[in-house]
Amino acid sequence: MKIKELENFATQVRRDILRQVHKVNSGHPGGSLGCTEFFTALYKEIMEHNPDFDMDGKEEDLFFLSNGHISPVFYSVLARCGYFPVEELATFRHIDSRLQGHPTTHEGLPGVRVASGSLGQGMSVAIGAAQAKKLNNDDHLVYSLHGDGELQEGQNWEAIMYAAGNKVDNLIATIDYNGQQIDGSTETVLPMGNLKAKFEAFGWDVMEIEDGNDLQQVIDGLKEAKTRTGKGKPVCILMTTVMGNGVDFMMHTHAWHGKAPNDEQLETALAQNPETLGDY
Amino acid sequence: MTEINSVQTTEMTKKIRMKKYTDSGKVDTRSGFGAGLTELGRSNPNVVALCADLVGSLKMQDFIDENPDRFFQVGIAEANMMGMAAGLTIGGKIPFAGTFANFATGRVYDQIRQSIAYSGKNVKICASHSGVTLGEDGATHQILEDIGLMKMLPGMTVINTCDFNQTKAATIAIAEHEGPVYLRFGRPKVANFTPEDQKFEIGKAVNLYEGEDVTIIATGHLVWEAIQAAEELSEKGISAEVINIHTIKPLDEEAIINSVKKTGCVVTAEEHNFLGGLGESVARTLAENHPAPQEFVATKDVFGESGTPAQLMDKYGLNVNVIYDKVLKNLNRKKLF
């Protein structure tokens, strides 16, 4: 796909994110906007995946969202890739919806393979799925996404140790390195030190995407990561992003981590992201 | 044991003839799990196993020797083990994740809740060393809350087996059941008295004795104690119905209600806190359907301590004597009910 088309897709996803959280006056726009390019690249360019959803996902690449609170971007991309009707985005966080506040398999939403929201669990699940692929002689890859603040949860480090120690080299775990969490910057809440050195010390192959909001960089980075799989080490991408990317007043702050825009703010934000593929 | 006094009636002095259950040799329930897992390793290629550094305690070595590629040693990292087990189901595997009951439940409650139960994953959580009979390691390792924790999770099946044969049969049976299961067993060598060739039906109570005066509902290690209590009660002319409840959830409510309709009172027995255990599930069932006096043989909201299994069963009121006494007490209450 041409980069311009992908950028149009990403712009429409940003609109979907903003409109989802605005309508229900809740949700997490900041991290969702920051990861829009990543999801666009992953689902439109990188992964072999089947919108005719099958839970076992044999002979296709799998994705696990560990930081489930950025569900608006996940839902928008799944819908616009054909997993479920785009109109269903209007039900986000409403009663009787398959689009729960945090993603779940419980309501049968196609595209979701495990519930996430309580942080720190996704890497373990991704490792299990990656091991199942090896048992099934399935060469496809497992991708996962994690917040940087999420790495404060200890279970991650159990998983990180396991994956390296057991050569889970069909896994590409991306860290959304935006430096922000609910209570402030990661540096002020709980400094995590040198994440690259930490992953490397645990035995991972670590690469970086310097601008995770530059679509071409994200695509190139993920392609590079694929070439590093199958070599005895799990692959980690430290992907620097800007929380709230694409909406000027939401950028570079944790203020929009878990807050919805009001009517006026929505209008301003949407004006910065003109409709491309049609609103739901 | 207290003597029978006011409850003694002419009706109760009748001669009661009972089937005799024989112990084919003391063996631990965890070995039943190991034997069942080994059999599954041979019969079901989708079965995989995980363990958090307790292979010897869980008796998993035979499975590992025969299926090294289908075993995942995760180290002392139970949270990661539960998440990995959830992930392994994606792709069609049937993971059996084994560790001590305490580390298989309380330590990883949220991992089980979100990644397994809420996500509806086909994971079998296999918990050894449950209850006080773990023994000398003491209260840090003796969980008495796990049945409650697990039965409160929507969609979770909760099984507590009573001997080697039943544990082996249950282990094999749960592989055929789609959905998360908590399988609870223990460390000590106990009587092995259920049939070797039994068919294990999840959610189906096993009636061990037909009786008329009282229903004794027991699970796990307390089933053998209940049998002994019933035999001693029969010598006093008291006819006790004994039900082996291996599946606490879903509970065989019909079997319980029908029995208590006949006997009019019930004693529940379990190696677990009386808060949250089998007894409470029975009490709710009866309160909704057929209220009856109930006595609880269970621990009373306390932590355990170091000791031999027998000493601990005695000190925490989990044996034949206590069941016997509670039956007598309840027969008195039944008269007043």
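Residues numbered from 1 in each chain as written. Chains lettered and ligands numbered in written order. Predicted model: local features only at pLDDT ≥ 70, side-chain atom pairs only at ≥ 80, totals over all residues. Heavy atoms only, no water.

Observations concerning the overall build of chain B
How we decide: Note on conventions: DSSP H or I runs of at least 4 residues are helices, E runs of at least 2 residues are strands, and numbering of each starts at the N terminus. Both definitions apply: the radius of gyration is a C-alpha atom measure, and the globule rule equals 2.2 Å times residues to the power 0.38. Relative accessible area decides the class of each residue, using a 1.4 Å probe on protein chains only: under 20% of the type maximum gives buried, over 50% gives exposed, and in between gives partly exposed. Using a 1.4 Å probe, the Shrake-Rupley method yields the accessible areas, and only the shown protein chains count as cover for residues. By the counting scheme adopted, Arg and Lys are positive, Glu and Asp are negative, and His together with the chain ends is not counted. Charge positions come from single atoms, namely NZ of Lys, CZ of Arg, CG of Asp or CD of Glu.
When you go through chain B residue by residue, the secondary structure sums to 13 helices and 14 strands. A compact globule built from 337 residues should have a C-alpha radius of gyration of about 20 Å, and chain B, at 20 Å, falls within 12% of that. Taking all 337 residues of chain B together, the buried fraction comes to 64%. For chain B, the exposed area adds up to about 12,500 Å²; of that, 50% sits on carbon and sulfur atoms. Distance between charge centres in chain B, computed from 34 positive and 42 negative side chains, equals 3 Å.

Overview of the domain arrangement of chain B
By a widely used convention, the size of an interface equals the accessible area lost when the partners come together. Residue and element names in this part refer to chain B. Selection criterion: What counts as a domain boundary in this text is fixed by an automatic or database domain assignment. Residues count as neighbours in contact if any of their non-hydrogen atoms are within 4.5 Å of one another. Throughout, the accessible surface (probe 1.4 Å) given up by two parts as they are put together, summed over both, is called the buried area. Put simply, a salt bridge is a Lys or Arg side-chain nitrogen that is within 4 Å of an Asp or Glu carboxyl oxygen. The definition of a polar contact used here is a pair of N or O atoms within 3.5 Å, where within protein one atom must be able to donate a hydrogen and the other to accept one, and adjacent residues in sequence count solely through side-chain atom pairs.
Parsing chain B into structural domains produces domain 1 (10-24 + 200-336) and domain 2 (28-190). Listed as interface residues are 33 residues of domain 1 and, on the opposing side, 37 residues of domain 2. When domain 1 packs against domain 2, close to 2,600 Å² is buried across both sides, 60% of that on carbon and sulfur atoms. Together, F200, H221 and K249 form the three largest contributors to the area buried by domain 1 at its contact with domain 2, with a combined 26%. At the junction of domain 1 with domain 2, the criterion picks out zero salt bridges. Along the contact surface separating domain 1 from domain 2 lie 22 residue pairs in polar contact (both at pLDDT 80 or more). Those elements that place two or more of their residues in the side of domain 1 that touches domain 2 are β12 (247-249), β13 (266-273), α11 (278-289) and α12 (309-315).

Let's talk about the side chain of B:S119
Relative to the assigned elements, B:S119 resides in the loop between α6 (109-118) and β5 (124-128). B:S119 gets classed as buried once you look at its relative accessible area, which sits at 4%. Side-chain polar atoms of B:S119 contact the backbone nitrogen of A:A115, separated by 2.7 Å. B:S119 has contacts with A:T105, A:V114, A:A115 and B:Q114, leaving out every residue within four places of it along the chain.

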